[in-house]
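Breakdown of the fold
So the chains spell out like this:
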Amino acid sequence: MTDSNIDKSIKKVLLLGSGALKIGEAGEFDYSGSQALKAMKEEGINTVLINPNIATVQTSEGFADKIYFLPVTPEFVERVIEKERPDGILLAFGGQTALNCGVKLYESGILEKYGVKVLGTPVQAIIDTEDRELFVKKLDEIGVKTIKSEAVESIAAAKAAAARLGYPVIVRAAYALGGLGSGFCDNEEELTALTEKALAFSPQVLVEKSLKGWKEVEYEVVRDRFDNCITVCNMENFDPLGIHTGESIVVAPSQTLSNEDYHYLRKLAIKIIRHIGIVGECNVQYAFDPESMDYRVIEVNARLSRSSALASKATGYPLAFVAAKLGLGYGLFDLRNSVTKDTSAFFEPALDYCVVKLPRWDLGKFHGVRREIGSSMKSVGEVMAIGRTFEEAMQKGLRMIGRGMHGFVENKDIKIDNIDAALSTPTDNRIFVIAQAMKEGYSVDKIHQLTKIDRWFLYKLENIIATSRELEQYDTLEAVPDSLLLQAKQQGFSDFQIARCIFKESQESPEKISLDVRNYRKSRGIVPVVKQIDTLAAEYPAQTNYLYITYNGNTNDVNFLHDHRSIVVLGSGAYRIGSSVEFDWCSVNALMTVKKEGWRSVMINYNPETVSTDYDMCDRLYFDELTFERVMDILDLEQPHGTILSVGGQIPNNLAMRLDAEGVNILGTSAKSIDNAEDRHKFSSMLDKLGIDQPRWRELTSKDDIDSFIEEVGFPVLVRPSYVLSGAAMNVCSNPEELDRFLKLAANVSKQHPVVVSEFIQNAKEIEMDAVAQNGEIKAYAISEHIEFAGVHSGDATIQFPPQKLYVETMRRIKKVSGQIAKALNISGPFNIQFLAKNNDIKVIECNLRASRSFPFVSKVLKINFIDLATKIMLGLPVEKPNKSAFDLDYVGIKASQFSFSRLQGSDPVLGVDMSSTGEVGCIGTDTGEAVLKAMLSVGHRIPKRSVLLTTGSARDKVAMLASAQLLHKNGYTIYASKGTHAFLSENGIPAVRVYMPSQGDQQPQALELLHNKQIDLVVNVPKNLTPTELSDGYKIRRAAIDLNIPLLTNTRLAEAFISAFTSIKPGEIEIKAWDEY
Amino acid sequence: MQSIRNAVLILEDGTTFHGKSFGYPGAAAGEVVFNTAMTGYPESLTDPSYEGQILVTTYPILGNYGVPPRRQKDDVSQYYESDHIHAKAIVAQDYSWQHSHWQADRSLADWLNEEKIPGIYGIDTRALTKLLREKGSMLGKIVVEGAEEPDFYDPNKENLVAKVSCKEPEEHGAGDKTVVLVDCGVKHNIIRCLTGRGLKVIRVPWDYDFNTIPCDGIFISNGPGNPDMVDVTVENLRKALKGNKPICGICMGNQLLSKAAGASTYKLKYGHRSHNQPVRRAGTNSCYVTSQNHGFAVDDSTLPSDWEPLFINMNDNTNEGIRHKTKPFFSAQFHPEASSGPKDTEFLFDEFVALL
């Protein structure tokens, strides 16, 4: 590599991260940021990172030289620039958050003021792609077609516009909410009718070319400052235009484009990025006519994106790393292909496999959200599956998304009332609706008609149905021809799917019949092989450790040493609500320790948004499933010394018993102990034996039993059905009506589907114990407290570490009880216990013998890496108790949650016992107030300027909020309050403006109007109870706050903490201190 | 689904791969080569450079978009690179029995059947490619169940250029300027690229003494096999080099021009067979992604002093084109006409036209 092309004046670089994970901006930016930091480090450049997301890998020691856990906003970034004086700034690696912040810094002249050079794509090019009007103009200059709409005010003008655009067109009434008066027109007659109607709603009508049913195709393009361009990957959406690419199944490379199509769009993409002037990476998204070569450019993202992370993983080409180097001035010709190490980075990967990306939704976690998928993104994560047939990749992927599905076929039946309607109105179930339709005899043509999904994909899916039908004709394994068995495996059938085809409604356990298939097929020599991802389809030799498993092949690409010197670490799978980047941090840290201690590290994971699936992080990466079957396939081949299950969250943890039964050496805590903690009955009786208190609970199978148990413990109770019909899986019920409603709506109590009912203790504190033990003895621990009272899911709660308001006595008891549990379960490795504390009584609510969500947070605040310690223990190494405790810290860490309600149209943004946050941040401050303020600002809250709307729920909440209301008043805020709150504040001498709720529509001022008029800067709405009016009024206020982007708090304790913080500290007083300065 | 016959691929070193037939249910023998392109099977199969070869596609799924219609436009094939399939057979991991594309008028299997070309799928093409990569190309044969096993056939022992070249001079297009195109197995897109730029093309057989034809420039096409088999063309070129008429060559044309200039060629350890070959214009920072399909290369070190490399392969630093230091002669080892592959270097045709 020659460095003569780089800008030598750049010695220190600031990188903006993307903050908390949210819908549309998730773990992919941890990956791209980490890569950029690595690229800078390789050049000996000093790096400064701003990212409040404490759970990420990039905010770990060794990645950046200076790390600031601060909001990525112009105000904070400016102050960091002022302090650090970087020479350059990287804007393209932290998603839209970083890009927007960077554009603001540029526009306000801050970058110029401090002489900070933007590396890579110039800001003007970013602005040209972000501003719709400029973008269209820019592409017009080179005759590239974009999606345009024409505004008209008469029928004649509409006709003229339609003639220019070409039918079919969409007509929309401008300024009309909810799509009133819009529709498709295939000809002038329809246009006339519809325009007439639309003009009745609105004086202006927009006419736009309809691209309904067009393909959506995307190219990832790289350009250097010497104008050299490559397209690293193209991808095709399975779903036609209209479904956000984050919501669509995506296939790489494109499958239905001819050579002419492919290169036509490729050439255009290069033309576009040359004209815009990208230096680095960007993507170009097209709508492409399935019946001609007509196209429209949908958009260009002048930054690293979810797609670029996917493309990097799909091809092995490290886009972010290369983009960062190009930003320094390198030419693509200066860089080497990091897979082959020998060939040039100026090339376009050739794939000899097929990649399928599937989105993961968690819509079931939200109240009121619509299940339809469309032009806005709702998915919270994604998986990538690799195969050498489309069928193989697709079925792998359907298992990976973790919705209890086994592939495309042999799943539990889903109930669909109207298949035609379900096909034409896509929901998060779309692919399974297609399966059902095919089972019921729908032809490919019919499904194509209703879905507009290209027939090629549907034919492939039909192949899977055909194979399952063939298999179903047999009743014993021995009767199945080997060729059919192999065909099924080549189409991605799991052992369980095959078992279900053959054994039908067998009474044997799924585990048993799957194992029968496994053993049988192995005896017939039907086993998978390992293939490499080498970027060049084997054209040149490559030393690559990036691997996947397939049945479409005869030989392995790698050798197996069988020296038992490797350690397999199981990763965390798809990001979902409840399992996210924190487990990626744990996985990566486990890999690093394994390597550091002289073992070969092996990773299994399939989430393209992670750092753990960066092939640089381990000695071998298997980008594949985390099912029992696949993990065993890999262990059979690798024959490692041992396997680590405890750093990837619940998915690997759940495999413990089955792997143990196969004689797998599980490192750390034994499978039996894991089972003793996971099994509610076993764990409970163990606690009883140890004399440790827990909330009373019972597993019940009838309504009568539930009633008599509640008589004993009293309302409220926490109800957890084992089988959920719809809606949330858990609920707190405060009275018989609520209980009835929930049981009727959500659960189906029966012998087969018992319900767990637990007593719910109100106004109790919730406390987390994160710890690491060796042979049952605790070596390191961190106790943290929730700001909210118990009842808010620990994943949604705001967590404080070290605790500031716990009795020493409580802490002592927690330590003691944790020690007892660690000993009883003989824990060796990470674990987490959740406690309830009221007065000094503590009760255990949950215990997980694995790393928890808060491990990166406590590790980074305490500056003791719990995973490093746990991994050493699991490797059997002696460890010393760290000579430091939380009592020594003279600062406070606050972990706050990020919600994505704005993306989830219709959902009620209220917190409950089921988790709904999509991400988190962790900030450090000299005291609670400062840390709270930083953390809240990091998750998108803003300090109110003038006014606050208070609706403070129950009498108890009103009392609790009184002091905060005083503070607001003293600090000159106008308080708007609902009836009850207003009355209570008046009684206590706090002036407030009475507002009326939507159900009191005839009186002024209306709360909703105030919100719409932006007269309110912060909404505190604490739901009182679940009565219908309260629900609908409260819901409307909460939803309006979210939709209008007004900060909303629904929890008294958190509201108190936030109000106390912003009334006592001015933003300018917040200290700008890097992590290592604490 | 139709009943599918078993088929086997046998290599000269005795390695066999078992798969299934999807094309013509007969047998075929030839030289087994691979290409890592992810699209473009209709173009590759009809590319005369594949004459006598069994084509292995490393992209595992084949036949997705069917085959475009057989249609002529301006006396050349509209969608193909010649009027029939030149490859002896085609090998893939997975075949798509159903295709989907608005331009397709039949499936790949139907087309192979029409042209009596076997196709085999269910083959570990990655393992096969690694084998071919390490051993160089190998002879092989495909035998579909029920067909008689043929002998191995080495196309390199034949003059393949003579086999695929046109037999009589032909004219294409119209224009003020005339270019003689020496057909060593020309891809139709080269003709389209020339006529599309307003040139009249006189296409002559490989061994035709084109120096007798009045013209403004000379173009030497791509072609199959070993450049050492085509000495007649080299001789004719030597004569042309004495003059000053612009000369351009592609692929085989690059090798023939080099030989005429006095340089020698050699067989590459790893041939270039893909759509993603990076080349750099010598002495500049300009790089291009190119489509390539060749096993021989020009030895830069043997270029006479009045010639210099024009392009260099960025992966293995081998020659990708030459030019004369003073006269209007240049050539490229890659395929600026693409089809299939990236079109980044189509500007070479413009550069050629500018010289005329």
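The sections below set out a description of the structure shown in this document. (Residues numbered from 1 in each chain as written. Chains lettered and ligands numbered in written order. Predicted model: local features only at pLDDT ≥ 70, side-chain atom pairs only at ≥ 80, totals over all residues. Heavy atoms only, no water.)

**Considerations on the pattern of salt bridges**
Residue and element names in this part refer to chain A. Tallied over the entire structure, the rule returns 102 salt bridges over all chains. Across the pair K12 and E84 runs a salt bridge whose closest N-O atoms are separated by 2.7 Å. With a gap of 72 residues between them, K12 in strand β1 (residues 12–16) and E84 in helix α2 (residues 74–84) connect regions that are remote in the sequence. You can call E84 buried: its relative accessible area is 9%. (Salt bridge = Lys/Arg side-chain N within 4 Å of Asp/Glu carboxyl O. Helix = DSSP H or I, 4+ residues; strand = E, 2+ residues; numbered from the N terminus. Buried < 20%, exposed > 50% of the residue type's maximum accessible area, 1.4 Å probe, protein only.)

**Quick look at the interface of chain A and chain B**
In many analyses, interface size is given as the accessible surface area lost on bringing the parts together. With 61 residues of chain A at the interface, the matching set in chain B holds 60 residues. Here chain A meets chain B over a buried area of about 4700 Å², counting both sides, of which 49% is carbon and sulfur. Area buried by chain A at its contact with chain B is led by N259, R388 and E539 of chain A, which between them contribute 15% of it. Viewed at the interface, chain B and chain A are joined by 8 salt bridges. Salt-bridge contacts for R126 of chain B lead to D557 of chain A; the nearest nitrogen and oxygen are separated by 2.4 Å. Our count for the chain A to chain B interface comes out at 30 residue pairs in polar contact (both at pLDDT 80 or more). Of the residues forming the side of chain A that touches chain B, the biggest block, 9 residues, is contributed by helix α9 (residues 259–276) of chain A. Broken down by class, the residue content of the side of chain A that touches chain B amounts to 26 nonpolar, 17 polar and 18 charged. (Contact = heavy atoms within 4.5 Å. Buried area = accessible area lost by both parts, 1.4 Å probe. Polar contact = N/O pair within 3.5 Å; in protein donor to acceptor, adjacent residues only side chain to side chain. Nonpolar A, V, L, I, M, F, W, Y, C, P; charged D, E, K, R; others polar.)

**Notes on the nonpolar core**
Within the largest apolar cluster, 317 residues are counted, with the highest numbers of intra-cluster contacts made by F390, F408 and L461 of chain A. In this structure F390 of chain A touches F238, V251, C354, V356, W456, F457, K460 and L461 of chain A together with I61 of chain B, once residues within four positions along its chain are discounted. (Core = buried A, V, L, I, M, F, W, Y, C linked by side-chain atoms within 4.5 Å.)

**Comments concerning the packing of helix α12 (residues 390–400) of chain A against helix α16 (residues 455–472) of chain A**
Residue and element names in this part refer to chain A. Running from amino to carboxyl end, α12 crosses α16 at an angle of 75°, the nearest separation of the two axes being 10 Å. In terms of their interaxial angle, α12 and α16 are classed as roughly perpendicular. Where α12 abuts α16, its residues F390, E391, M394 and Q395 lie against W456, F457, K460, L461, N463 and I464. Class assignment for the residues of the contact of α12 with α16 results in 6 nonpolar, 2 polar and 2 charged. (Axes fitted to C-alpha atoms, helices over the stretch in contact; angles between N-to-C directions. Parallel < 35°, antiparallel > 145°, perpendicular 65-115°, else oblique.)

**What about the sheet that holds strand β4 (residues 88–90) of chain A?**
All names here are of chain A. In space, the 5 strands of this open sheet follow the order β3-β2-β1-β4-β5, with parallel pairing throughout. Two strands bound the open sheet, and with one partner strand each, they are β3 (66–68) and β5 (117–118). Each of β1, β2 (46–50) and β4 touches helix α1 (residues 28–42); the most contacted strand, β1, lies at about 175° to it. Here α2 sits on the sheet and contacts β1, β2 and β3; the angle it forms with β1, its principal contact strand, is near 165°. (Pairing = 2+ DSSP bridges.)

**Observations regarding a negative patch on the surface**
Residue and element names in this part refer to chain A. A surface patch of negative charge is lined by E130, D131, E133 and E299. With respect to the helices and strands, D131 occurs in the loop between α5 (123–130) and α6 (132–141). Looking at D131, the relative accessible area reads 34%, which means it is partly exposed. (Patch = residues over 30% accessible without salt bridge, like charges linked within 9 Å, V, L, I, M, F, W, Y side chains within 5 Å. Areas by Shrake-Rupley, 256 points an atom, 1.4 Å probe, with all protein chains shown as cover. Lys, Arg positive; Asp, Glu negative; His and termini not counted. Charge placed at Lys NZ, Arg CZ, Asp CG, Glu CD.)

**Things to note about the pairing of strand β31 (residues 841–848) of chain A**
Each regular strand shows side chains that alternate between the opposite faces of the sheet. Residues and elements named next belong to chain A. Two strands pair when backbone bridges link them, and strand β30 (residues 829–838) and β31 are joined in this way by 7 bridges, in the antiparallel orientation. The partner of N832 across the bridge, within β31, is N848. From the end of β30 to the start of β31, which pair antiparallel, there are 2 residues, and N839 there has a positive phi angle of about 55°.

**With respect to helix α28 (residues 808–824) of chain A**
All names here are of chain A. In this model α28 runs 24 Å from its N-terminal to its C-terminal C-alpha over 17 residues, within 8% of the 24 Å that 1.5 Å per residue would give. All of the buried residues in α28 are T810, M811, I814, V817, S818, I821 and A822. Projection of α28 onto a plane perpendicular to its axis shows the buried side chains occupying an angular sector of 140°, all on one side. Opposite the buried face of α28, at more than 90 degrees from it, the exposed residues are V808, R812, K816 and K823. (Expected span 1.5 Å × (residues − 1). Arc of directions from axis to C-beta.)

**Section: the packing of aromatic side chains**
All names here are of chain A. The full count for this structure, using the stated rule, is 34 aromatic pairs over all chains. Ring geometry for F69 versus W1075: centroids 5.7 Å apart, planes at 65°, classification edge-to-face. Of this pair, F69 sits in the loop between β3 and α2 while W1075 is found in the segment after α36 (1052–1064), placing the two residues 1006 residues apart along the sequence. A relative accessible area of 4% means that F69 is categorised as buried. With a centroid separation of 6.2 Å and 85° between ring planes, the pair formed by Y286 and Y295 is classed as edge-to-face. For the pair shown, Y286 and Y295 are each scored as buried. Ring-pair connections join several aromatic residues into one group, and the members of that group are Y219, Y262, Y264, Y286 and Y295. Lying across the ring of W697, R680 places its NZ or CZ 5.9 Å from the centre. R1053 extends its terminal NZ or CZ atom over the ring of F789, reaching a point 4.1 Å from the ring centre. (Phe/Tyr/Trp six-rings, centres within 6.5 Å; stacked < 30°, edge-to-face > 60°. Lys NZ or Arg CZ within 6 Å of the ring centre and 35° of its normal.)

**Some remarks on the side chain of E31 of chain B**
Residues and elements named next belong to chain B. Checked against the element boundaries, E31 lands in strand β3 (residues 27–35). Within the buried core, E31 has no salt-bridge partner, and the shortest N-O distance to an opposite charge, that of K267, equals 4.6 Å. A polar side-chain atom of E31 sits 3.3 Å from a polar atom in the side chain of N156. In this structure, E31 is in contact with G52, Q53, I54, S137, M138, L139, Y153, P155 and N156, ignoring residues within four places of it in sequence.

**Here we look at the environment of V136 of chain A**
Residue and element names in this part refer to chain A. In this structure, V136 sits in helix α6. Taking the C-alpha atoms as reference points, V136 and V297, separated by 161 residues in sequence, lie 9.3 Å from one another. In contact with V136, not counting residues within four places along its chain, are T146 and K148.

**Focus: empty space enclosed by the protein**
Residues and elements named next belong to chain B. According to the stated counting rule, one finds 18 cavities of 30 Å³ or more in the structure shown. Approximately 200 Å³ is the volume found for the largest cavity. Lining the largest cavity are 18 residues, and of these M38, T39, G40, Y41 and L62 sit closest to its centre. For the lining of the largest cavity, the elements supplying multiple residues, two or more each, are α1 (41–46), β4 (53–57) and β5 (61–62). Its residues assigned to classes, the lining of the largest cavity comprises 9 nonpolar, 9 polar and no charged. (1 Å grid on protein atoms, 1.4 Å probe; cavity = no way out; pocket = protein on both sides within 12 Å on 5 of 7 lines; lining within 4 Å. Points joined across faces, edges and corners; volume = space filled by probe spheres on them.)

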